[in-house]
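Summary of the model geometry
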There are 2 protein chains.
Amino acid sequence: MTTEVPQGAAAQDAEWLRLDRQICFSLHAASRAFNGVYRVVLKELGLTYPQYLVMLVLWEHGETPVKKLGEHLRLDSGTLSPLLKRLEAAGLVRRERSMRDERSVEVRPTEQGTALRARALRIPRRIMAATGLTLEEVHELHTRLDRLTTALDTAALEETPGCE
Amino acid sequence: MTTEVPQGAAAQDAEWLRLDRQICFSLHAASRAFNGVYRVVLKELGLTYPQYLVMLVLWEHGETPVKKLGEHLRLDSGTLSPLLKRLEAAGLVRRERSMRDERSVEVRPTEQGTALRARALRIPRRIMAATGLTLEEVHELHTRLDRLTTALDTAALEETPGCE
DNA sequence: CACTATTTAATTGCGCGCAACTTAATTGCG
DNA sequence: CGCAATTAAGTTGCGCGCAATTAAATAGTG
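Here the structure is a predicted model, which is why all the values come from computation and not from measurement.

In this section: the pattern of salt bridges. Applying the stated criterion to the full structure yields 19 salt bridges over all chains. The partner of Glu-140 of chain B in a salt bridge is Arg-144 of chain B, with the nearest N and O atoms 3.2 Å apart. One end of the pair, Glu-140 of chain B, and the other, Arg-144 of chain B, are both in helix H7 (residues 135-159), 4 residues apart, so they sit about a helical turn from each other. What makes Glu-140 of chain B partly exposed here is its relative accessible area of 33%. The structure contains a network of salt bridges with shared partners spanning Glu-88, Arg-94, Arg-95, Glu-96 and Arg-108 of chain A.

As structure tokens, this is what we get:
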């Protein structure tokens with residue numbers, strides 16, 4: 001089937017490889033550019049971008065077990081444990097073993113951590129301004145990215161055993 | 001101006017903070033989901049995602065100085081130097097001081113590195129399949145992301161001194 | 001009850017990504 | 001020419017992100 005047009009197929013493969021380069025770069029670059037803007041804005045709060053994500057969850061939901069944090073952020077304990085330790089060292093959160101289940105660790109913002117929210121309120125507008133996008137465009141991007149993530153996640157699961 | 005409706009403004013800020021959480025998560029998650037799919041696919045080539053990006057440039061342009069690689073990939077020597085060292089240890093590239101300018105280091109794929117391209121040709125199609133997107137949608141995403149990156153980069157530069 | 005299986009955090013190891021610094025070569029200016 | 005400024009790589013340090021492993025607590029089963 002594919003042996004019918006070896007030259008054409010090869011040429012198309014090469015074309016796809018170039019396209020791959022394009023889209024890879026775009027995503028990689030956009031992700032890091034976003035990270036860069038947040039880094040600048042968050043520096044005055046003394047937070048890294050992933051630390052900010054954790055605080056966003058805590059501000060919205062209050063005390064949360066590490067497990068739940070991981071589900072919200074799609075991060076495992078290998079990433080969260082040291083990150084939370086640093087947030088605790090900075091005085092922004094407290095970690096306490098749950099009394100009902102000694103395996104679980106509850107994370108809650110300290111008074112200082114809660115107070116930080118007031119200063120964080122100005123951030124989203126600055127980020128929005130930096131993107132140069134309208135609210136509507138952001139919503140659309142949001143939707144697209146979520147769909148993409150879902151597709152990629154399910155594909156990654158099916159890919160593992162050795163598809164094709 | 002904004003002092004006219006303090007309650008309303010605060011509520012809106014909170015709303016924006018929730019939105020920020022949404023879009024932050026989306027981007028962060030999408031980026032890592034993409035990375036995850038590539039990780040699975042690239043494992044059989046023995047490459048990490050950033051290493052694959054480097055090889056894509058080398059396959060397309062041949063011998064390239066580290067400086068140019070950095071411009072293509074938006075990466076500095078702090079990231080590239082150890083990465084290239086690993087690629088060289090894997091026998092995929094060679095690094096040689098330029099004769100014309102002893103400051104510059106030329107990177108070129110070895111025979112083995114060039115041969116790897118043949119196996120890489122199948123990757124883009126698998127990635128495309130994983131995204132569940134059409135070619136047109138990919139192109140549109142590509143365009144949007146590039147515009148976004150440009151906007152963010154210029155904003156980051158203007159932001160640094162201490163805007164507002 | 002004893003004993004295995006599961007669940008939850010934490011730890012270890014490695015590869016980015018980036019800031020800050022160092023070293024060496026080249027350029028440019030007086 | 002001589003010497004400061006610039007440029008290119010490399011190094012160091014730190015914080016993710018993730019795979020793999022470990023340790024402890026709980027749940028489930030005979």
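Below, the discussion takes up the sheet that holds strand S2 (residues 93-97) of chain A. Residue and element names in this part refer to chain A. Taken in spatial order, the 3 strands line up as S1-S3-S2 in an open sheet, and their pairing is antiparallel. Two strands close off the open sheet at either side, each with one partner strand: strand S1 (64-65) and S2. Examined bridge by bridge, S2 and strand S3 (residues 105-109) share 5 bridges and lie antiparallel to one another. Bridge assignment links Arg-95 to a residue of S3, and that residue is Val-107. Across the sheet, helix H4 (residues 77-89) is in contact with S2 and S3; its angle to S2 comes to roughly 120 degrees.

This next bit is on the protein's contact with DNA strand D. Taken together, 29 residues lie around DNA strand D, and Thr-48 of chain A together with Lys-67, Ser-77, Ser-81 and Lys-85 of chain B are the ones closest in. Each atom of DNA strand D within 4 Å of the protein was assigned to sugar, phosphate or base; sugar and phosphate come to 75%. The side chain of His-28 of chain B places a nitrogen or oxygen atom 2.9 Å from a phosphate oxygen of DNA strand D. In the environment of DNA strand D, a phosphate oxygen lies 2.9 Å from a nitrogen or oxygen atom belonging to the backbone of Lys-67 of chain B.

What follows concerns the layout of surface pockets. Where empty space is left becomes clear once a probe the size of a water molecule has been rolled over the atoms. The calculated volume of the largest pocket comes to roughly 370 Å³. Secondary structure elements with two or more residues in the lining of the largest pocket: helix H1 (6-43) of chain A together with helix H1 (6-43) of chain B.

Once chain A has been moved 0.0 Å along the axis and rotated by 180 degrees, it coincides with chain B to within an RMSD of 0.1 Å. In symmetry terms, the pair is related by a two-fold rotation axis. Ranked by how close their C-alpha atoms come to the rotation axis, the residues of chain A are headed by Ser-31 of chain A, at 3.3 Å. A shared binding surface is used by both copies, with 100% of the interface residues of chain A retained as interface residues in chain B.

What follows deals with the sheet that holds strand S1 (residues 64-65) of chain B. All names here are of chain B. Taken together, the 3 strands give an open sheet; going across it, the order is S1-S3-S2, and neighbouring strands pair in antiparallel fashion. Each edge of the open sheet is held by one strand with a lone partner, namely S1 and strand S2 (93-97). Along the sheet, helix H4 (residues 77-89) makes contact with S2 and strand S3 (105-109), crossing S2 at roughly 120 degrees.

Backbone geometry at Arg-74 of chain A places phi at a positive 55 degrees, although glycine is not the residue there. Assignment of secondary structure puts Arg-74 of chain A in the loop between helix H3 (66-73) and H4.

Moving on, we come to the domain arrangement of chain A. All names here are of chain A. Split by domain assignment, chain A resolves into domain 1 (15-132) and domain 2 (133-164). In this structure, domain 1 and domain 2 have C-alpha centres spaced 20 Å apart. If you look at the interface, domain 1 gives 4 residues, while domain 2 gives 7 residues. Taken over both partners, the interface formed by domain 1 and domain 2 buries close to 440 Å², and the fraction arising from carbon and sulfur atoms is 57%. When the area that domain 1 buries against domain 2 is broken down by residue, the three leading residues are Arg-74, Met-128 and Gly-132, summing to 74%. Between Asp-153 and Arg-74 there is a salt bridge, with the nearest N and O atoms lying 2.6 Å from each other.

The next subject is the protein's contact with DNA strand C. Contacts to DNA strand C come from 29 residues, most closely from Arg-32, Ser-77 and Lys-85 of chain A together with Thr-48 and Gln-51 of chain B. A breakdown of the atoms of DNA strand C within 4 Å of the protein gives sugar and phosphate a share of 76%. Within the side chain of Ser-104 of chain A, an N or O atom sits 3.4 Å from a phosphate oxygen of DNA strand C. Going through the elements one at a time, H1, H3, H4 and S2 of chain A together with helix H2 (49-61) and H4 of chain B are the ones with two or more residues in the surface near DNA strand C. Of the residues that constitute the surface near DNA strand C, the class distribution is 6 nonpolar, 9 polar and 14 charged.

The partner chain B presents 70 residues to the 70 residues of chain A that form the contact. For the chain A and chain B pair, buried surface summed over both sides reaches about 6900 Å², with 68% attributable to carbon and sulfur atoms. Looking only at chain A, the three residues that lose the most surface to chain B are Trp-16, Leu-17 and Leu-152 of chain A, adding up to 10% of its buried area. Linking chain A with chain B are 2 salt bridges, by the criterion used here. Counting the contacts that link chain A with chain B gives 11 residue pairs in polar contact (both at pLDDT 80 or more).

Right, let's talk about H4 of chain A for a bit. One full turn of an α-helix is made of 3.6 residues, so residues set three or four places apart face in the same direction. All names here are of chain A. Along its 13 residues, H4 runs 17 Å from first to last C-alpha, staying within 8% of the 18 Å computed at 1.5 Å per residue. All of the buried residues in H4 are Leu-80, Leu-83, Leu-84 and Leu-87. One side of H4 holds all its buried residues, which, seen down the axis, span an arc of 100 degrees. Exposed and oriented more than 90 degrees from the buried face of H4 are Gly-78, Lys-85 and Ala-89. Close packing links the buried residues of H4 with helix H2 (49-61), H3, S2 and S3.

Scoring rules and cut-offs
- Residues numbered from 1 in each chain as written.
- Chains lettered and ligands numbered in written order.
- Predicted model: local features only at pLDDT ≥ 70, side-chain atom pairs only at ≥ 80, totals over all residues.
- Heavy atoms only, no water.
- Salt bridge = Lys/Arg side-chain N within 4 Å of Asp/Glu carboxyl O.
- Helix = DSSP H or I, 4+ residues; strand = E, 2+ residues; numbered from the N terminus.
- Buried < 20%, exposed > 50% of the residue type's maximum accessible area, 1.4 Å probe, protein only.
- Pairing = 2+ DSSP bridges.
- Contact = heavy atoms within 4.5 Å.
- Axes fitted to C-alpha atoms, helices over the stretch in contact; angles between N-to-C directions.
- Near = heavy atom within 4 Å.
- Polar contact = N/O pair within 3.5 Å; in protein donor to acceptor, adjacent residues only side chain to side chain.
- 1 Å grid on protein atoms, 1.4 Å probe; cavity = no way out; pocket = protein on both sides within 12 Å on 5 of 7 lines; lining within 4 Å.
- Points joined across faces, edges and corners; volume = space filled by probe spheres on them.
- Least-squares fit on C-alpha atoms with pLDDT ≥ 70 in both.
- Domains from an automatic or database assignment.
- Buried area = accessible area lost by both parts, 1.4 Å probe.
- Nonpolar A, V, L, I, M, F, W, Y, C, P; charged D, E, K, R; others polar.
- Expected span 1.5 Å × (residues − 1).
- Arc of directions from axis to C-beta.

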